[in-house]
Amino acid sequence: MDSVVVHLHGAVSLLGRFPALAGVDLDVAAGEVLLVQGPNGAGKTTLLRACAGLVPVVDGEATVLGHDLRKDRRSVRRHLALLGHATGLYDDLTVADNLHFVARSTRHAAAPPVDEVLARLGLAGRLASVQVSRLSAGQRRRVAVASLLLRPAQLWLLDEPHAGLDADGRERLDALIVEASRAGTSVVMASHELERARPLATRIVTMAGGQIHTGTRAEVVGVA
Amino acid sequence: MRSGIGTRLLGTAAVASLALLAVMALVITPQDVNQLDAVRFLYIHVPLATLMYVAFGVTAVASVLYLWPRYRARKWDLLAGASAEIGVVVTGLVLVTGSIWGRTTWGVYWTWDARLTTTAVLFVLFLGYLALRRVGGDIDARAKRNAIAALAAAIDMPIVHKSVEWWRTLHQKSSILDEETFMHPHIHGSMYWTVLLGIGAFLLLFSWLLVNRYRLAKLEDRLEDEGLERAIAERRAEADALTGAP
Amino acid sequence: MLRDAVVMAGKDLRIELRSRVATNQVAPFAVLVLILFAFALDPDRGVLARAAAGLFWVAVLFCALLAIQRAFTVEASDGARDNLRLSGLDPAAIFLGKAGAIAAELALLEVILGTGVVLLYNRSLHGPVLLVVTCALATIGLSAAGTVYGALAAGLRVRETLLPLLLLPVVAPVLLAATRASEAALGGTTGDGWPWVRLLGVFAVIYMAFGVVAFGPLLEESS
């Protein structure tokens, strides 16, 4: 039970009336780094948000970190971290303010201190006391990545993690992903930047039409 | 889903009792000593005011049932909405009939009477509720939001009532006409029975409207549900087109 | 839970401290409203002084609307809402924190408005105890109800226009009771004020309790 971090079977999720997930079957083991690839509108973002307990799963089975999402999708949230498209930072607060708020609200005893996290993402020093509204898109992204480290995460859900980051930022992110998976964290990552993401992945699946395809043709389309 | 025999009987009963009410109210009952013919407003005003409380009571109870996990079902949200829609129309009519009555007896359309003021606040509260209902979003999310809004408004009603009542009693009373005579004209005999008949007739009308409005809402809902299964099938077909599976 | 509420309120107040929207925009607006009332009501015939309590609370109500809109605009982006839900903060604590921050801002605005009323409308202050208790309870009630409705309208496209329509009728008793109590305090007949204070207390308690219970479902509602 513990070794399976994510278990989805026939999972259906709706965005309004639109079935963004139309019966997903997926199992993710502990420490695995799973790359989900697929065209725009395939349902990758909704898959990640459903795993995070943000989007309800209305049909099928959905268990994440031992929590049945059909019954209760709230309690799983504090055990995972989601890096979404939107960074969700507070524009008026400084970089350090934002990270301090994450640290205080998650109450993760073993989390590294904010200063250390800032340094790991190259945000220490002057940048730390700059308001987020003055940052570039890539710098904001770095702050969002930094907040991953402050959460007691057994599961990282990364939506286009490389988007917007410069070469240095990508190096730092890749190092964090490798390190996290070595420490036993499972990573599910949706990405279009395959040449960047593929070396990190221990397994690759293809998503289309709100489903995960493991058939030979899908693999050929994805990998070739 | 055609309207059943029960609904049609209900409709017939409503129309028949309303016709009887018209005869009783306009022909058979006598004039009042003070209010003369204006007293006849009572026969629709009092039933409408009763209906107003019934309608919003139904909305409140249905909202509680929706929020109660054991009873949660979309039908409660639909019922709450149907009842509130009728309730807002009824409240509007209460204010209009009250104003016309006030004009003929008091000489003014509006007075800051405790009941009138409370009714006006109730009217605006539920206009807001209906405005909120029209805002889109995920169905279950919408239903939950509606139910919470209905309860937040409902718990305000006793406070509004109490505060307005104090406000008016601590200040001068209506000086145009003795309030007692106005609020409690000498109702007896046929007048008494006509008011009761009015309440009954309007309750029948309300039930009939509610059944039909609810049925319509249910049909709309089912239409959306049937769309869903097709949408899932279409969504899966998208994938087949991409991966080339049969 | 109290600790979470403090974290949340601290964050919101820090945002205000850094952005200065409350001090640079809402407070001047409040003073402007006081001046506009003077234009609308002839200051020479004493109408202004007699209506001072009511005008004060109408101005507070307008400022409260702005403060509530603002408090939920900062959480409006998709990501911020997600982060809040993922944060592990108790929804009840989020409610208490947000309401607390709004109450703190309102209290500051009330001090500014109160000073304005004394100076501009030429009213002297009597019954300070009654006045302070009235302000405290009315502020708690306004922030609690405002936070509930702010969250209710937060995810919606039409929130700017919907919030006043939803909130103002609900807080009508607060306006009524706070005005009567303040009038009693200013007029020196404090005995008349205390029943209204009780009503304000009941309102505050009811909407605090409602918010604590309802905020979880409210936060979840938009997915």
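See the structure above.
Everything in this summary refers to the structure shown in the same document. All of these numbers come straight from a predicted model, not from anything done at the bench. (Residues numbered from 1 in each chain as written. Chains lettered and ligands numbered in written order. Predicted model: local features only at pLDDT ≥ 70, side-chain atom pairs only at ≥ 80, totals over all residues. Heavy atoms only, no water.)

1. A short note on the interface of chain C and chain B
- Residue-level contacts link 25 residues of chain C with 28 residues of chain B.
- Across the interface of chain C and chain B, roughly 2400 Å² is buried in total on both sides, 80% from carbon and sulfur atoms.
- Across the contact surface, chain C and chain B share zero salt bridges.
- Inspection of the chain C/chain B interface yields one residue pair in polar contact (both at pLDDT 80 or more).
- Listing elements by their share of the side of chain C that touches chain B, those giving two or more residues are α7 (128-154), α8 (159-170), α9 (172-187) and α10 (194-221) of chain C.
- Among the elements that make up the side of chain C that touches chain B, the one with the highest residue count is α10(C) (12 residues).
- Of the residues assigned to the side of chain C that touches chain B, the class counts are 21 nonpolar, no polar and four charged. (Contact = heavy atoms within 4.5 Å. Buried area = accessible area lost by both parts, 1.4 Å probe. Salt bridge = Lys/Arg side-chain N within 4 Å of Asp/Glu carboxyl O. Polar contact = N/O pair within 3.5 Å; in protein donor to acceptor, adjacent residues only side chain to side chain. Helix = DSSP H or I, 4+ residues; strand = E, 2+ residues; numbered from the N terminus. Nonpolar A, V, L, I, M, F, W, Y, C, P; charged D, E, K, R; others polar.)

2. Considering the pairing of strand β8 (residues 186-190) of chain A
All names here are of chain A.
- Buried residues dominate β8, accounting for five of its five residues.
- The pairing of strand β3 (residues 33-37) with β8 spans four bridges and is classified as parallel. The partner of Leu34 across the bridge, within β8, is Val188.
- Pairing between strand β7 (residues 155-159) and β8: five bridges, direction parallel. When the sheet's bridge partners are listed, Leu157 is paired in β8 with Val188.
- In this fold, the crossover linking β7 to β8 by way of helix α5 (residues 167-182) has right-handed handedness. (Buried < 20%, exposed > 50% of the residue type's maximum accessible area, 1.4 Å probe, protein only. Pairing = 2+ DSSP bridges. Right-handed = clockwise from strand over helix to strand, strands pointing away.)

3. Let's talk about unusual backbone geometry
All names here are of chain A.
- With phi around 50°, Leu65 is a residue other than glycine that occupies positive phi space.
- By the secondary structure assignment, Leu65 is in the loop between β4 (57-64) and β5 (67-68).
- Positioned with a positive phi, Glu160 is a non-glycine residue whose angle comes to about 50°.
- Summarising the element assignment, Glu160 is placed in the loop between β7 and α5.

4. With respect to the sheet that holds strand β1 (residues 4-15) of chain A
Residues and elements named next belong to chain A.
- The strand order across the open sheet built from four strands is β2-β1-β4-β5, with neighbouring strands paired in antiparallel fashion. This sheet does not close on itself; its edge strands, each paired only once, are β2 (18-29) and β5.
- Bridge count for β4 against β5 is two bridges, and the pairing is antiparallel. What sits directly across from Thr63, in β5, is Asp68.

5. As for the state of the cysteines
- Scanning the model with the defined rule gives zero disulfides over all chains in all.
- Cys135(C) takes part in no disulfide bond, and the closest cysteine sulfur, belonging to Cys63(C), lies 13 Å away. (Disulfide = S-S within 2.5 Å.)

6. Observations regarding the interface of chain A and chain C
- With 25 residues of chain A at the interface, the matching set in chain C holds 28 residues.
- If you sort the residues of chain A by the area they bury against chain C, Tyr90(A), Asp92(A) and Phe101(A) come out on top, with a joint share of 23%.
- Ionic pairing is found between Asp97(A) and Arg14(C), a salt bridge with its closest N-O pair at 3.5 Å.
- Tallied by class, the residues present in the side of chain A that touches chain C amount to nine nonpolar, six polar and 10 charged.

7. What about the packing of helix α2 (residues 21-40) of chain C against helix α4 (residues 52-73) of chain C?
All names here are of chain C.
- It is at 10 Å that the axes of α2 and α4 come closest, and there the two elements cross at 155°. Viewed along their axes, α2 and α4 adopt a mutual orientation that is roughly antiparallel. As for how α2 packs across α4, the hand of that crossing is right-handed. Packed against α2, whose contacting residues are Val21, Val26, Phe29, Ala30, Val33 and Phe37, the element α4 presents Leu55, Val58, Ala59, Phe62, Cys63, Leu66 and Arg70 at the interface. (Axes fitted to C-alpha atoms, helices over the stretch in contact; angles between N-to-C directions. Parallel < 35°, antiparallel > 145°, perpendicular 65-115°, else oblique. Left-handed = near helix turned anticlockwise from the far one by under 90°.)

8. Re the pattern of salt bridges
- A complete count under the given rule lists 25 salt bridges over all chains for this structure.
- Linking Asp12(C) and Lys98(C) is a salt bridge whose minimum nitrogen-to-oxygen distance equals 2.7 Å. Here the residue Asp12(C) occupies a position in helix α1 (residues 2-19), and Lys98(C) occupies one in helix α6 (residues 91-120), the gap between them amounting to 86 residues.
- Given the relative accessible area of 1%, Lys98(C) is considered buried.
- Connected through salt bridges with shared partners, the residues Arg142(A), Asp166(A), Asp168(A) and Arg172(A) form a single ionic network.

9. So, the sheet that holds strand β6 (residues 80-83) of chain A
All names here are of chain A.
- Spatially, the six strands line up as an open sheet ordered β6-β7-β8-β3-β9-β10, and their pairing is mixed. Here the strands that pair on one side only, and so sit at the sheet edges, are β6 and β10 (211-213). Direction aside, neighbouring strands of the sheet carry axes that sit 25° apart on average.
- Of the strands in this sheet, β3, β6, β7, β8, β9 (203-208) and β10 are in contact with helix α1 (residues 44-51), which crosses β7 at around 155°.
- On the sheet, α5 packs against β3, β7 and β8 and is oriented at approximately 155° with respect to β7.

10. Looking at α1(C)
Residues and elements named next belong to chain C.
- Taking 1.5 Å of rise per residue, the 18 residues of α1 would be expected to cover 26 Å, and the 26 Å separating its terminal C-alpha atoms lies within 8% of that figure.
- Restricting attention to buried positions, one finds in α1 the residues Asp4, Ala5, Val7, Met8, Ala9, Lys11, Asp12, Ile15 and Glu16.
- Positive phi appears at Arg20, one or two residues downstream of α1, with a value of about 60°. (Expected span 1.5 Å × (residues − 1).)

11. As for the pairing of β7(A)
All names here are of chain A.
- For β7, the buried fraction is high: five of the five residues fall into the buried class.
- Side-chain alternation along β7 places Leu155, Leu157 and Asp159 on one buried face and Trp156 and Leu158 on a second face that is also buried.
- Here four bridges tie β6 to β7, and the two strands are oriented parallel to one another. Bridge pairing in β7 places Leu80 opposite Leu155.

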